[in-house]
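Structural characterization, general
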Amino acid sequence: MESFHSRQSSKVTAGILAVFWVVVLYLVLNETRIDPDQQMAQKIFYYHVPSAWVAGLGYLVVMFAGVLYLTKKDEKWDHLGLAAAELGTLFCALVLITGPIWAKPIWGAPWSWEPRLTTVLIMFLIYIGYFMVRNFGDEGERTRRISAVLGIAAFFNVPIIYVSVKFWAADAQLHPQPAMSQQSPDVFWTFMLSLLVFTLLFVHLLCFRVHILKLRSKVLGMRYDV
Amino acid sequence: MLAVLVRKDLLIEFRSREILISMITFGAAITLLYAFSFRPSPESMLTFAPGLMWMVFLFVSVLALHRSHSLEKEFDAFSMILSAPVERSVLFISKYLSGFIFLVIAQMVLLPLFFLFLQLPLPANLAQMVAVFLLVDLGISAAGSLLSGIVMRVRVNEMLLPLILFPMVTPLLISAVKSTASIMDSQPFNQWKLWFQLIVSFVIVFSLMGYLIYDYVSEE
Amino acid sequence: MLSIQNINKQFAHRPVLRDVSLEIRDGELLGLVGPNGSGKSTLLRIVVRVVSCDGGSISWNGNSILNAGADQRRPLLYLGHEPGFYPPLSAAENLLLIAKLYGLEPSPADVEKNLSEVGLDPARSGPIREFSRGMLQRLALAKTLTIPWKLLLLDEPTTGLDKQGKSMLSQLIETWRKDDRSLLLVSHDEEWLSSHCDRMVQLSNGRIQRSEVDGEKSVQTELMEEA
């Protein structure tokens, strides 16, 4: 099995990512307008929102991978589900970090029970549980099965979580609600580019992680080959 | 078949009384702790009471779920049930219903204690309160039965179950607390209809999920 | 007839069963032997869907057991390594419960008769938590008298049984043989098994190593030895 990084596709993707990451950074710092109220703090939006998007994407992939694993029983779907769960949770953590970084200068407090952030926090906690199940279960088929079920259950719970939190803290509707279509071109296109870069980063990391999990599975299987 | 399985759980509990006694004593202990820890005025206690109440019921549900599965594992009765010609979805429903019944019985004892120790006034609309409580209990039981089935054969499942269950039932908990607070505040149904709808949604989603996918989590 | 085809099972990447295939004809008593950890108990538990398998198929009289509803398991009765009862219930209550799970409604008299036949006191109404291992094994055997099974899967049936209990079990096996019912018996006691079974199969390291019919080796084993 060849190394992931020696593949042509990996090299191209990594190259594109590196270039566009720098491009986005340049655009964010130099070309996008400075918000009159929030000043530089607003610029975290170009990283915070794409992180949330990727976290949601990750959990969507976990759900589909879970369904496919339960129906097809092929280990590759479990690899995909686990990799997506890890990345989804990583980006969840980024959302939970960048949110308070922005909130502190703007709201005066790093945390308020704002619905979207709270939903992300609850999903983060659910997935901590997911990883603990994977950690304490054996490496076998049952752990893969129950992880698939957990991923599916977690995903279908998200809309209920979001609605409940939204109306629970109706007074904490402080989260900015920018309508992207109404933004100036510099903001819009930089945001879209950042979204694309984050999505590409997710896909690249997902492929890399699935590759490692496949290798790991192969090595573990080799221990018992007669 | 469903009646056989539920009757079995009730008979076992009638004999051993392990689940209900532990639920009631633990619930009463937490209620007492609340009474000692918070001594606000009766008016401000009304603000906290719904949240405290539902936390007690969540905690005692976890106890019940653990005990229920321990009984299945003790002489490996669970394998006997799995090997018998019993549909796994029916097995889920039986666990769901048994858990619901135990929670309702425990609440019948714990609620009066809660109102007594925390000096709370009785709500004007008891019928609404009963309806909400029954629905929320269904929700806790549905999610709990599915998730405890998931973790029952995993190490340190006593710790894992609350870790997974509590975030999952957050929307149910929020809706339960909001509904209960509205009822205790004598608000008209229209004002808290959304929370009721969320409770119903949660019950439907988790009941369906458990019914459809319990088969996948029951086998070793 | 039970047909097991290419069953594979891994626990944490460790292969426990590798391409295991075997058949049990109607009225056949098949013994499954092998060292500890060879996968014997796991195979039995896969047949009755207590444990999932990673691949393969199992059918009873041509109907799949693994991908079908619970009704396909009705002709099968599994007595595992562990007793498989509810400790707070009495012996009679446990038997009645199992009968009901199989869709039966035995009378209290029938239940008492079955308990007496295995040497248990039907008047004893205390929880089986108080039973010894041998008594629990007798109660497990009482299940075989309560359920009208066609294929019985027995895992280490002599565990905890005294000399009398083993003799009772031997008599039961002879009765089942006369009734033309099938048995799949698992034990590490090869001598005991070979005295009761029509055919023996050895499982080692997750694979079928040897299949003997009344002392004669099967074609499969001969081919393996040639290779």
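All of these numbers come straight from a predicted model, not from anything done at the bench. (Residues numbered from 1 in each chain as written. Chains lettered and ligands numbered in written order. Predicted model: local features only at pLDDT ≥ 70, side-chain atom pairs only at ≥ 80, totals over all residues.)

1. A look at the overall build of chain A
As a reminder of what qualifies: Helix and strand definitions here come from DSSP, where helices need a minimum of 4 consecutive H or I residues and strands a minimum of 2 consecutive E residues; each element is numbered from the N-terminal end. Residues with at least 20 other C-beta atoms within 10 Å of their own are called buried, those with 12 or fewer are called exposed, and the rest are partly exposed. The C-beta atoms themselves are positioned from the backbone. The contact criterion used is a C-beta to C-beta distance within 7 Å, with each C-beta placed from the backbone.
Helices and strands together make up the secondary structure of chain A, namely six helices and zero strands. Taken from the N to the C terminus, the helices and strands of chain A come in the order α-α-α-α-α-α. Along the three orthogonal principal directions, the C-alpha set of chain A runs to about 70 × 45 × 25 Å. Classification of the 226 residues of chain A by burial places 35% in the buried group. In chain A, once contacts between residues fewer than 6 apart in sequence are set aside, the share between residues at least 24 apart is 79%.

2. Here's the deal with the overall build of chain B
Our working definition: We take the radius of gyration over the C-alpha atoms and set the globule estimate at 2.2 Å times the residue count to the 0.38 power.
When helices and strands are tallied, chain B shows nine helices and zero strands. Order of helices (α) and strands (β) in chain B, N terminus to C terminus: α-α-α-α-α-α-α-α-α. Taken over the C-alpha trace, chain B has a radius of gyration of 18 Å; the compact-globule value for 220 residues is 17 Å, and the two agree within 12%. Dimensions of chain B along its principal axes, counting C-alpha atoms only, are 55 × 35 × 30 Å.

3. Let's talk about the confidence of the model for chain A
The cut-off we apply is this: Note: pLDDT gives the predictor's confidence per residue, expressed from 0 to 100.
For chain A, mean pLDDT is 85; residues scoring 70 or higher make up 90% of the total. In the model of chain A, helix α1 (residues 8-31) of chain A stands out as the element of lowest mean pLDDT, 84, in contrast to helix α2 (residues 45-72) of chain A, which has the highest, 92.

4. Observations concerning the interface of chain C and chain A
For clarity, the threshold we go by: Following the grouping adopted for this structure description, the nonpolar residues are Ala, Val, Leu, Ile, Met, Phe, Trp, Tyr, Cys and Pro, the charged ones are Asp, Glu, Lys and Arg, and the polar ones are all others, Gly among them.
Contact residues are listed per partner, giving eight residues for chain C and seven residues for chain A. Those elements giving two or more residues to the side of chain C that touches chain A turn out to be β1 (2-11) and β2 (14-24) of chain C. Partitioned by chemical class, the residues of the side of chain C that touches chain A number three nonpolar, three polar and two charged.

5. Concerning the pairing of β1 of chain C
Residues and elements named next belong to chain C. What counts here: Any two strands are treated as partners once DSSP identifies two or more bridges connecting them.
Two strands pair when backbone bridges link them, and β1 and β2 are joined in this way by seven bridges, in the antiparallel orientation. The partner of S3 across the bridge, within β2, is E23. Once β1 ends, the chain turns through two residues before running back antiparallel as β2, passing A12 with a positive phi of about 50 degrees. Relative to strand β4 (residues 55-60), β1 is paired through five bridges, and the arrangement is antiparallel. Residue pairing in the sheet places I4 in a bridge with I58 of β4.

6. Here's the deal with the packing of α2 of chain A against helix α5 (residues 141-168) of chain A
Residues and elements named next belong to chain A. We apply this condition: Convention adopted: a line fitted to C-alpha atoms gives each axis, helices being fitted over their contacting stretch, and angles between N-to-C directions are expressed from 0 to 180 degrees. Working definition: roughly parallel below 35 degrees, roughly antiparallel above 145 degrees, roughly perpendicular at 65 to 115 degrees, and oblique for all remaining angles. Definitions for this section: a left-handed crossing has its near helix turned counterclockwise from the far helix by less than a right angle. A right-handed crossing has that turn clockwise.
It is at 8 Å that the axes of α2 and α5 come closest, and there the two elements cross at 135 degrees. When the axis of α2 is compared with that of α5, the two are oblique. Once α2 is placed against α5, the crossing between them reads as left-handed. Along the contact surface, α2 presents Y59, L60, V62, M63, G66, V67, Y69 and L70, while α5 presents R144, R145, A148, V149, G151, I152, A154 and F155. For the contact of α2 with α5, a count of residues per class yields 12 nonpolar, two polar and two charged.

7. Focus: the interface of chain B and chain C
Contacts between chain B and chain C engage 21 residues on the former and 26 residues on the latter. The set of elements that each furnish at least two residues to the side of chain B that touches chain C consists of α1 (2-16), α3 (42-74) and α4 (77-83) of chain B. At six residues, α1 of chain B tops the list of elements feeding residues into the side of chain B that touches chain C. Grouping the amino acids of the side of chain B that touches chain C by side-chain chemistry returns 11 nonpolar, three polar and seven charged.

8. Here we look at the environment of E158 of chain B
Residues and elements named next belong to chain B. With respect to the element layout, E158 can be found in helix α7 (residues 157-168). In this structure E158 comes out as exposed when scored by C-beta crowding, with 12 C-beta atoms within 10 Å. For E158 and L172, which are 14 residues apart along the polypeptide, the C-alpha to C-alpha distance reads 22 Å.

9. Here we look at the sheet that holds β2 of chain C
Across the sheet, which stays open at both edges, the four strands sit in the order β2-β1-β4-β5 (chain C) with antiparallel pairing between neighbours. Only two strands of the sheet have a single partner each, and these edge strands are β2 and β5 (63-64) of chain C.

10. Structural notes on helix α4 (residues 133-146) of chain C
Residue and element names in this part refer to chain C. For clarity, the threshold we go by: In this scheme, a helix's expected span is set at 1.5 Å multiplied by one less than its residue total.
In this model α4 runs 20 Å from its N-terminal to its C-terminal C-alpha over 14 residues, within 8% of the 20 Å that 1.5 Å per residue would give. Where burial is concerned, most of α4 is hidden: 11 out of the 14 residues are buried. Each element contacted by the buried residues of α4 is listed here: β6 (76-79), α2 (91-101), α3 (108-117), β7 (151-155) and α5 (163-178).

11. Regarding the nonpolar core
Using the following cut-off: We define the nonpolar core as any set of buried residues of the types Ala, Val, Leu, Ile, Met, Phe, Trp, Tyr and Cys, connected via C-beta atoms lying within 7 Å of each other.
Counting 191 residues, the largest nonpolar core has V149 of chain A together with L139 and L153 of chain C as the members making the most contacts within it. Apart from the residues lying within four places of it in its own chain, the contact partners of L153 of chain C are L44, V47, V48, L76, Y78 and L184 of chain C.

12. Regarding the environment of N205 of chain C
Residue and element names in this part refer to chain C. When you line up the elements, N205 lands in the loop between β9 (199-204) and β10 (207-213). Given 16 C-beta atoms within a 10 Å radius, N205 is considered partly exposed. Separated by 171 residues in sequence, N205 and G34 place their C-alpha atoms 8.6 Å apart.

13. Observations regarding the packing of helix α5 (residues 88-117) of chain B against helix α9 (residues 189-218) of chain B
Residues and elements named next belong to chain B. One way to put it is that α5 packs onto α9 with a least axis distance of 8 Å and a crossing angle of 105 degrees. In terms of their interaxial angle, α5 and α9 are classed as roughly perpendicular. Along its contact with α5, which presents R88, S89, L91, F92, I93 and Y96, the element α9 presents G210, Y211, Y214, D215 and S218. Residue composition of the contact of α5 with α9, grouped by class: six nonpolar, three polar and two charged.

14. Remarks on the confidence of the model for chain B
All names here are of chain B. Predicted confidence across chain B gives a mean pLDDT of 91, with 100% of residues reaching 70 or more. Of all the helices and strands in chain B, α3 carries the lowest mean pLDDT, 88, while helix α6 (residues 126-151) carries the highest, 94. Our summary of model confidence lists the complex with pTM equal to 0.87 and ipTM equal to 0.86.

15. Remarks on the environment of I98 of chain C
By secondary structure assignment, the location of I98 of chain C is in helix α2. With 48 residues separating them along the chain, I98 of chain C and T146 of chain C place their C-alpha atoms 8.5 Å apart. Ignoring anything within four residues of it in the chain, the contact list for I98 of chain C reads M80 and A84 of chain B together with K143, T146 and I147 of chain C.

16. Brief notes about unusual backbone geometry
Notably, D76 of chain B is not glycine yet its phi reads approximately 55 degrees, a positive angle. Position of D76 of chain B among the secondary structure elements: in the loop between α3 and α4. A residue is classified by how many C-beta atoms lie within 10 Å of it, and D76 of chain B, with 17 of them, is partly exposed. One non-glycine residue with positive phi stands out, namely R49 of chain C, at about 65 degrees. With respect to the helices and strands, R49 of chain C occurs in the loop between α1 (40-47) and β4. On the basis of neighbour counts, which here come to 24 C-beta atoms within 10 Å, the residue R49 of chain C falls in the buried class.

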